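Coordinates in review
So you can see what is in the structure, the chains are spelled out below.
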Amino acid sequence: MHDLKFIRDNPKDFDKAMETRGMGPMSAGILAMDEARRSAQTRLQELLARRNEASKAVGMKKKAGEDADDLIAEVAELKSTIAALEAEERQAAEDLTGILESLPNIPAADVPVGPDEDANVEIRKWGEPKAFSFEPKQHFDIGEENGLMDFETAARLSGARFVVLKGPLARLERALANFMLDRHTLQNGYTEIVPPVLVRDEAMYGTGQLPKFAEDLFRTEEGFWLIPTAEVPLTNLASDRIAEEADLPLRFTAWTPCFRSEAGAAGRDTRGMIRQHQFSKVEMVSITHPDKSEEELERMTGCAEGILQALDLPYRVLALCTGDMGFGARKTYDLEVWLPGQGRYREISSCSNCWDFQARRMKGRFRTPGEKGTKFVHTLNGSGLAVGRTLIAVLENYQNEDGSVTVPEALRPYMGGIDRIEVESVA
């Protein structure tokens, strides 16, 4: 949600920001709606004051035995006018809120300007892609040939874009999640949370999924939404709350299943585990002081990078351009891991600073000692990492010519000391 005062004070800057997001000028329409709402409020206050004044006069005249019919008629007319004006003011407020909640966040000044992913800027690379003495396979070939990745059974159970993992691969996914959680809680200062994966409308609205992206979500018949990411419940831990400044930052992490309809992904990544309706992810969320959010974004991105480095997986960091950033983001770094089976980098984490955009929607604030009132917190979120995609990266980067997969050293304690997933381990 946008700060209306900022739009009033900086209409040209606001329009320029929306233009970089692929939208036309918006400020004139917003300010006209704001003026209509404020005019209705002013007129309403005037009429309420007059009604109160006339009502008192009626009482005084009756007490004095004087005729009060004219005043009584005026009060009745005012009552009708006030009811109509209240409805007008409510509608104006709803219209204004509707437009404000439909607009994406304002990009930070250093975000690259561009219409799509082609304008993203590579910031750095880490690690060198491995040179294989054989033609590296894609993850689904490795998994299916070993009998540990079953898309056919998953399709029979649930349809397309699902998978059944078996034996060592099921254990490998669990090992990855536990490794990530241990890193984030023991080394990176995050508090582990086990949140609900079914949430109400208000939670989805607070982080910006509703109302704009309802088609990308799954909803139960009882009206709950299945979370597309643990960002939703973790960020909403600060909703309708006033934190103490001394308690900031609040840092949370969670490993959850995530559910996405992939409504806009028809025909893309139809084979394998890259883009599924159900997947698991370890999420990081930070609730910070406004002065610290830019620093926190760098820190959060570093935490995600640390996982890839510990697994010795080559990756690159991209600064997303204005046209490729998410709806609620002010600035985003994407981490893309090298997949030798595809011969390209693919996204494995996205770390975003949302500034006060989500906090305004969910009324997340903090209090500074000695100061009147409260201020909105800043919220950040990042994948630390997408577990399924990390499994893909391990399979492709650690594959061997005989079909086996070497277990990264960092994961061996989580795999019972196993250092290799052998072909003969097929279930």
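Per chain, residues are indexed from 1 in the order of the written sequence. Totals for whole chains, interfaces and linings use all residues, but because this is a predicted model, local features are given only for residues with pLDDT of at least 70 and pairs of side-chain atoms are given and counted only at 80 or more. As a rule here, side-chain values cover all heavy atoms of the structure and leave hydrogens and water aside.

As recorded in an unreviewed UniProt entry, the protein goes by Serine--tRNA ligase and comes from Hwanghaeella grinnelliae. UniProt, in its Sequence similarities (unreviewed entry) section for the protein, records the words "Belongs to the class-II aminoacyl-tRNA synthetase family. Type-1 seryl-tRNA synthetase subfamily." UniProt positions are given in the numbering used here, feature names are shortened, and annotations may be inferred rather than shown by experiment. The annotation that UniProt attaches to the protein under Pathway (unreviewed entry) is "Aminoacyl-tRNA biosynthesis; selenocysteinyl-tRNA(Sec) biosynthesis; L-seryl-tRNA(Sec) from L-serine and tRNA(Sec): step 1/1."

Section: the sheet that holds strand β6 (residues 218–219)
When DSSP finds two or more bridges between a pair of strands, those strands are recorded as paired. In DSSP terms, a helix is any run of H or I states spanning at least four residues, a strand is any run of E spanning at least two, and both are numbered starting from the N terminus. One open sheet accounts for three strands, arranged β5-β7-β6; its pairing is antiparallel. The open sheet terminates on both sides in strands that have one partner only, identified here as β5 (198–199) and β6. Strand direction decides the pairing type here: β5 and strand β7 (residues 225–226), joined by two bridges, are antiparallel. From the neighbouring strand, Val199 faces β7, where its bridge partner is Trp225.

A few points about the UniProt feature "binding site: ATP" (unreviewed entry) in the protein
Within this structure's numbering, the places UniProt gives as "binding site: ATP" (unreviewed entry) are Arg260, Ser261, Glu262, Glu347, Ile348, Ser349 and Ser350. Here Glu347 lies in strand β13 (residues 344–353). Residue Glu347 is classed as partly exposed on the basis of its relative accessible area of 34%. Glu347 has contacts with Asp334, Leu335, Glu336 and Arg389, leaving out every residue within four places of it along the chain. Mapped onto the elements of the fold, Ile348 is located in strand β13. Those residues in contact with Ile348 that lie beyond four places of it in its chain are Leu308, Leu335, Glu336, Val337, Ser383, Leu385, Ala386, Arg389 and Thr390. Relative accessibility under 20% of the residue-type maximum defines a buried residue, over 50% an exposed one, and the middle range a partly exposed one, all with a 1.4 Å probe and only protein chains included. Any pair of residues with heavy atoms lying within 4.5 Å of one another is described as a contacting pair.

Brief notes about the UniProt feature "coiled-coil region" (unreviewed entry) in the protein
In the numbering adopted here, UniProt assigns the feature "coiled-coil region" (unreviewed entry) to residues 37–95. The straight-line gap between the two end C-alpha atoms of residues 37–95 is 9 Å; of that span, 92% is helix and 0% is strand.

Examining the packing of aromatic side chains
The pairing test for Phe, Tyr and Trp rings, Trp by its six-membered ring, is centres within 6.5 Å, and the orientation test on the planes gives stacked under 30 degrees, edge-to-face over 60, and tilted for anything in between. If you walk through the whole model with that rule in mind, you get six aromatic pairs. Measuring from ring centre to ring centre gives 6.0 Å for Phe179 and Tyr414, while their planes differ by 75 degrees; the resulting arrangement is edge-to-face. Taken together, the positions of Phe179 in helix α7 (residues 167–187) and Tyr414 in the loop between β17 (405–406) and β18 (420–421) put the pair 235 residues apart, joining distant regions of the chain. Joined through ring pairs, the aromatic side chains of Phe213, Phe327 and Phe357 make up one cluster. When the NZ atom of lysine or the CZ atom of arginine is within 6 Å of a ring's centre and also within 35 degrees of its normal, the charge is said to sit over that ring. Seen from the ring of Trp355, Arg330 lies directly overhead, with NZ or CZ sitting 3.7 Å from the centre.

Examining helix α10 (residues 293–310)
Residue count minus one, scaled by 1.5 Å, sets the expected span of a helix. The end-to-end C-alpha distance of α10 is 26 Å, a good match for the 26 Å that 18 residues give at a rise of 1.5 Å each. Here α10 has its buried residues at Ser293, Glu296, Leu297, Met300, Thr301, Cys303, Ala304, Glu305, Gly306, Ile307 and Leu308. In the stretch just after α10, Asp312 is the one whose phi turns positive, near 55 degrees.

Comments concerning the pattern of salt bridges
For this document, the term salt bridge refers to a Lys or Arg side-chain nitrogen within 4 Å of an Asp or Glu carboxyl oxygen. With the rule as written, the count across this model stands at 23 salt bridges. Residue Arg360 pairs with Asp356 through a salt bridge whose shortest N-O separation is 3.1 Å. When salt bridges that share partners are traced, they join Arg8, Asp34, Arg37 and Arg38 into one network.

A look at the environment of Gly328
Among the secondary structure elements, Gly328 is positioned in the loop between β11 (315–319) and β12 (331–339). With residues up to four places along the chain from it excluded, the contact list for Gly328 reads Asn105, Cys354 and Phe357.

Some points on the nonpolar core
By nonpolar core is meant a set of buried Ala, Val, Leu, Ile, Met, Phe, Trp, Tyr and Cys residues that side-chain atoms within 4.5 Å join together. By size, the foremost hydrophobic cluster in this structure holds 50 residues, and its most contacted members are Met149, Leu172 and Leu176. Ranked by residue count, the leading element in this core is α7, at eight residues. Those residues in contact with Leu172 that sit more than four places away from it in its chain are Leu391, Val394, Leu395, Leu411, Met415 and Ile421. Counting 13 residues, the second largest nonpolar core, distinct from the first, contains Ala230, Ala243, Phe252 and Ala254.

Digging into helix α6 (residues 151–158)
Here a polar contact is taken to be a pair of N or O atoms separated by no more than 3.5 Å, where protein atoms must pair a possible hydrogen donor with a possible acceptor and residues adjacent in sequence count only if both atoms sit in side chains. Of the residues flanking the start of α6, the one acting as N-cap is Asp150, its side-chain oxygen 3.2 Å from the backbone nitrogen of Glu152. At the C-terminal side of α6, Gly159 shows a positive phi close to 105 degrees.

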